[in-house]
Amino acid sequence: MAGLLRRIGVRGGTAIALLVLILGVVAIARFTGGGSSMVNLPEDPHATVTVDPSEGDDGEVAPNPTAFPDDAAVEAAAAAFVNAWLQRDLDPADWHAAVAAHATDELTTALIDVDPLGVPATRTTADPTIVLRTEEFAQVAIPVDSGRVLLALRVVDGRWLVDGVDWERA
Amino acid sequence: MTATTGFSTSPARRVTRRVIIALGVAVLSCTLCLGGVTASLLGGLTDDPTTAIVGCGTGRPVDPYGALPAVAGLTEDQVRNAAIIIKVGQDLKVPPRGWVIAVATALQESRLTNLPHLGPRNDHDSIGLFQQRPSQGWGTVEELKDPAYQAERFFTKLLTIPGWERLPLTVAAQRVQRSAYPNAYAKHEPLAASTVDILTGGAGRAAGAELQLRCTSGGEISASGWTVPVVGPVTSGFRTSARPGHNGVDIAVPKGTPVRSAAAGVVLTVRCNAHSGGLPYSCDRDGGVWVQGCGWYLDILHAANVITRYCHLRERPYVTAGQYVGPGEVVGVSGSSGHSSGPHLHFEVHLDADPSRLGAVDPVAFMHQVGASLVGAA
């Protein structure tokens, strides 16, 4: 070991130290870059020129359509629900029955014990609009006097029913 | 030199040794300082403060009346109210999933503002951060003026709900609140989680049901409400140079491995997506590289318009479109249907409710941020 050190000498030692420094910096940069996975530096674009841009795509092809023939039925189901839901002066039992007529069993269960006085709006201010739609699922927005009601609907036994109620304060 | 060489301290060797030690110190301090510079540069590359959080909570009690960090989108008052809620949760030994549920609930009910009784303008007698009602037994008007009391009442009720830690956030919140808008709490989960992260050094990323804060492992649900869909190695990354069209990650798992919803949400799509030579191809058998498409797959819509996609399942997924699912709920089993050269789960994350490839982001980075790392320990 001592003989080796002597042969390397001060200059050799400096060279080795500089090499270690460079390798250290590279290692640190790699570690912090790859390890955090917060930042993905863009890959060298020239490295990909020989590869087809769609290469390696094992994902979805031919995506879902976005408009459907029964959109009007979805909007009508949403309107029927929200009109029942807004009747907060009803006797609680009547309110629950009115709302349940347009709701899935799951939503009806989630509304057990709810006091209709807590409905945070009194009237709609515009027609329902579909926000998001797939064949068997839809999200419908309905502006109300206190903000916006967002309903989730799904098909149960061929019929559109409301399955979720969200309200956003204006 | 002689046989004593190994122990000698000749002037020449002392100089060499000193030079080497000095250089060693220089190298060490340089790499440390450059490491710091690199780290701060990486932290500064993003505007979102939550991405700077890498820990899973410090475990120290939050001090609502000390200096509070800024949270994007919230005023100082709102942050203080969140801190009060978290502090009460810590004092009551509620695990961090409860803190996120409570902050999200208060965001919906009061925008994290200690609302007074609004008098005749109010439709009923709701008060405070959680809009609790004296007439419904939540406490006296005087008691309910105190945010800490309100939070204590919320947590006490939450803890009576069996399995609350594994429920979708909005379901747990609704069981406490009994509101006319049962699904309204879900949308606040991301802001509540990042608020908890910022105030606690990353407790939103911690294992949600554990009192002792630590990062998740082996399919646990984080306090933010996320979990890995399967436990396995990532064998192919997002849009690599070799696979620029790979809009997700491949996770190697044996055929038949249960695939879990990465978070609470609603199933958007359940489909067989496979073609070969322009003709439909069955998803009920193994595909191959000559087959195009995702095979049996499903899309799930989560809070903040995040969509996750699960491809190449062995058979029709166990859930139907429109169905709500909870975090970690089994939605199917892995397989090799569609464009697949062997059993694996192809997993995608999309933002802005955009299921096309334009909405896709790197699942590794996304899942790390929400405390459900796909690679190694979080």
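Everything discussed here concerns the structure shown above.
What you are looking at is a predicted structure, and each value in this text was computed from that prediction instead of being measured.

### A word on the overall build of chain B
Item 1. Helices and strands together make up the secondary structure of chain B, namely 7 helices and 11 strands.
Item 2. Classification of the 378 residues of chain B by burial places 54% in the buried group.

### Things to note about the overall build of chain A
Item 1. The helix and strand tally for chain A stands at 4 helices and 4 strands.
Item 2. Helices (α) and strands (β) of chain A occur, in sequence order from the N terminus, as α-α-α-α-β-β-β-β.
Item 3. Taken across its 170 residues, chain A has 36% of its residues classed as buried.
Item 4. Across chain A, every contact between residues at least 6 apart in sequence was considered, and the portion connecting residues at least 24 apart equals 42%.
Item 5. As displayed, chain A offers around 9400 Å² of accessible surface, 60% of which is attributable to carbon and sulfur atoms.

### Description of the nonpolar core
Item 1. Judged by nonpolar contacts, the single largest core of 75 residues is most densely connected at Trp85(A), Ile85(B) and Phe155(B).
Item 2. Top contributing element to this core by residue count: helix H3 (residues 96-110) of chain B, with 8 residues.
Item 3. For Ile85(B), the contacting residues outside a window of four places in its chain are Ala102(B), Val103(B), Ala106(B), Leu112(B), Leu129(B), Phe130(B), Ala151(B) and Phe155(B).
Item 4. In terms of nonpolar packing, the next biggest core, distinct from the first, is built from 35 residues, Val270(B), Trp296(B), Val319(B) and Val331(B) among them.

### Brief notes about the packing of H3(B) against helix H6 (residues 189-200) of chain B
All names here are of chain B.
Item 1. For the pair H3 and H6, the least separation of the axes is 8 Å and the interaxial angle reads 125°. Taken together, the axes of H3 and H6 lie oblique to each other. Crossing of H3 against H6: the hand is right-handed. Note on element contacts: H6 touches H3 through Glu189, Leu191, Ala192, Ala193, Val196 and Thr200, opposite Arg97, Trp99, Val100, Val103, Ala104 and Leu107.
Item 2. Looking at the contact of H3 with H6 residue by residue, the class counts come to 9 nonpolar, 1 polar and 2 charged.

### Digging into the sheet that holds strand E4 (residues 159-169) of chain A
Residues and elements named next belong to chain A.
Item 1. Spatial strand order, E1-E2-E3-E4: 4 strands in an open sheet with antiparallel pairing. Two strands in the sheet have a free side with no partner beyond their single neighbour: strand E1 (129-134) and E4. If you compare each strand with its neighbour and ignore which way they point, the axes differ by 20° on average.

### Overview of the packing of aromatic side chains
Both the distance between ring centres and the angle between the ring planes are used here to describe each pair of aromatic rings.
Item 1. What the rule picks out here adds up to 6 aromatic pairs over all chains.
Item 2. When the ring of Phe154(B) is compared with that of Phe155(B), the centres are 6.1 Å apart and the planes differ by 80°; the resulting orientation is edge-to-face. The same class applies to Phe154(B) as to Phe155(B), namely buried.
Item 3. Seen from their ring centres, Tyr310(B) and Phe347(B) are 5.4 Å apart, and the 50° between their planes marks the pair as tilted. A residue pair is termed long-range when its members are at least 10 positions apart, and Tyr310(B) in strand E7 (residues 307-313) and Phe347(B) in strand E10 (residues 345-350) qualify at 37 residues.
Item 4. Owing to a relative accessible area of 0%, Tyr310(B) belongs among the buried residues under this scheme.
Item 5. By relative accessible area, which is 0% here, Phe347(B) ends up buried.
Item 6. Through pairs of rings, three or more aromatic residues link up here, namely Trp167(A), Tyr181(B) and Tyr185(B).
Item 7. Note that Arg285(B) overlies the ring of Tyr281(B), its terminal NZ or CZ placed 4.4 Å from the centroid.

### What to know about unusual backbone geometry
Residues and elements named next belong to chain B.
Item 1. Even without glycine at this site, Lys93 takes up a positive phi of about 60°.
Item 2. Looking at the element boundaries, Lys93 is found in the loop between helix H2 (76-91) and H3.
Item 3. Judged by relative accessible area, Lys93 falls into the exposed class, the value being 56%.

### Comments concerning the packing of helix H4 (residues 147-158) of chain B against helix H5 (residues 169-177) of chain B
Residue and element names in this part refer to chain B.
Item 1. Contact geometry of H4 with H5 gives a least axis separation of 9 Å together with a crossing angle of 110°. Judged by the angle between their axes, H4 and H5 are roughly perpendicular. H4 and H5 meet at a crossing whose hand is right-handed. Taken together, the residues of H5 that come into contact with H4 (itself represented by Phe154, Lys157 and Leu158) are Ala172, Arg175, Val176 and Gln177.
Item 2. Grouping the amino acids of the contact of H4 with H5 by side-chain chemistry returns 4 nonpolar, 1 polar and 2 charged.

### Regarding the pairing of strand E2 (residues 137-144) of chain A
Residue and element names in this part refer to chain A.
Item 1. Taken across its 8 residues, E2 has 7 buried, putting it largely inside the fold.
Item 2. If you look at the hairpin formed by E1 and E2, you'll find 2 residues sitting between the two strands.
Item 3. Bridge count between E2 and strand E3 (residues 147-156): 8 bridges; the pairing is antiparallel. Residue pairing in the sheet places Val140 in a bridge with Leu151 of E3.
Item 4. Joining the antiparallel neighbours E2 and E3 is a turn of 2 residues.

### A short note on the state of the cysteines
Residue and element names in this part refer to chain B.
Item 1. The full count for this structure, using the stated rule, is 3 disulfides over all chains.
Item 2. The residue that forms a disulfide with Cys272 is Cys283, at a sulfur-sulfur distance of 2.1 Å. Taking the torsion about the sulfur-sulfur bond, which here is approximately 80°, the covalent link between Cys272 and Cys283 counts as right-handed. With Cys272 in strand E4 (residues 265-276) and Cys283 in the loop between strand E5 (279-280) and strand E6 (292-301), this residue pair connects regions lying 11 residues apart in the sequence.
Item 3. The exposure class assigned to Cys283 is buried, which follows from its relative accessible area of 2%.

Conventions we followed
Residues numbered from 1 in each chain as written. Chains lettered and ligands numbered in written order. Predicted model: local features only at pLDDT ≥ 70, side-chain atom pairs only at ≥ 80, totals over all residues. Heavy atoms only, no water. Helix = DSSP H or I, 4+ residues; strand = E, 2+ residues; numbered from the N terminus. Buried < 20%, exposed > 50% of the residue type's maximum accessible area, 1.4 Å probe, protein only. Contact = heavy atoms within 4.5 Å. Areas by Shrake-Rupley, 256 points an atom, 1.4 Å probe, with all protein chains shown as cover. Core = buried A, V, L, I, M, F, W, Y, C linked by side-chain atoms within 4.5 Å. Axes fitted to C-alpha atoms, helices over the stretch in contact; angles between N-to-C directions. Parallel < 35°, antiparallel > 145°, perpendicular 65-115°, else oblique. Left-handed = near helix turned anticlockwise from the far one by under 90°. Nonpolar A, V, L, I, M, F, W, Y, C, P; charged D, E, K, R; others polar. Pairing = 2+ DSSP bridges. Phe/Tyr/Trp six-rings, centres within 6.5 Å; stacked < 30°, edge-to-face > 60°. Lys NZ or Arg CZ within 6 Å of the ring centre and 35° of its normal. Disulfide = S-S within 2.5 Å.

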